[in-house]
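Survey of secondary and tertiary structure
Spelled out, the chains give:
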Amino acid sequence: MSSRRSCALGEGSRELPQEKIRAGLLTAAVIGYLGKHNATLSGAEGGCQAEIGIASAMGAALIAQAHDLGHQVIANAAESSLEHHLGMTCDPVAGYVQVPCIERCAYGAVKAWTGFLMASNEIPATRRVDFDTTVEAMARTAREMNSKYKETSEGGLAVSLVLC
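What you see is a predicted model, and the numbers here were worked out from it, not measured in a lab. (Residues numbered from 1 in each chain as written. Predicted model: local features only at pLDDT ≥ 70, side-chain atom pairs only at ≥ 80, totals over all residues. Heavy atoms only, no water.)

For the structure on display, the rule yields four salt bridges. Ionic pairing is found between K20 and D68, a salt bridge with its closest N-O pair at 2.1 Å. Here K20, found in helix α1 (residues 18-38), pairs with D68, found in the loop between α3 (48-66) and α4 (71-83); they are 48 residues apart in sequence, far enough to count as distant. Of the residues examined, K20 reaches a relative accessible area of 26% and is grouped as partly exposed. Across the salt bridge formed by R104 and D91, the nearest N and O atoms sit 3.1 Å from each other. Here R104, found in helix α5 (residues 98-120), pairs with D91, found in the loop between α4 and α5; they are 13 residues apart in sequence, far enough to count as distant. The buried category is assigned to D91, whose relative accessible area is 6%. Among the charged side chains, a network of salt bridges with common partners joins E79, E122 and R127. (Salt bridge = Lys/Arg side-chain N within 4 Å of Asp/Glu carboxyl O. Helix = DSSP H or I, 4+ residues; strand = E, 2+ residues; numbered from the N terminus. Buried < 20%, exposed > 50% of the residue type's maximum accessible area, 1.4 Å probe, protein only.)

Set out below in structure tokens:
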């Protein structure tokens, strides 16, 4: 058995070498930094669009980088993934953020893979919305979002569902 580790991020569970995964992790860190620096990563400040949306964008960028795709494809993958989380509120049921977050994180992982697939199958320069614009939109939405739809248990699903 080989001591060399790899990760199955390729189609059909094709394994990618650890070096490519490391490069992808560094790229994901850059996306996370840009999201934090220009908006927020906090569910309490920006709702699930911030917490799960940026994490999903990081995942999409990681996958694109690990597949040695160009910078524009990486940015497009991150943008596509984040875009589909815009406006997502945080609805911790009975104060437990785990109730909706587990499912939302799973869907965020799917959106990361989908964002990667879309970006890797399009002409990179034809994308109309860029990552920076999407982060700006998320920051603006977070500022305008009513605080009861953030990590407060005061709105949305959090007050619509009664746990006995």
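Within the structure, D91 has its side chain in polar contact with the side chain of T89 (distance 3.3 Å). For D91, the residues in contact, after removing those within four places along its chain, are P100, R104, G155, G156, L157 and A158. (Polar contact = N/O pair within 3.5 Å; in protein donor to acceptor, adjacent residues only side chain to side chain. Contact = heavy atoms within 4.5 Å.)

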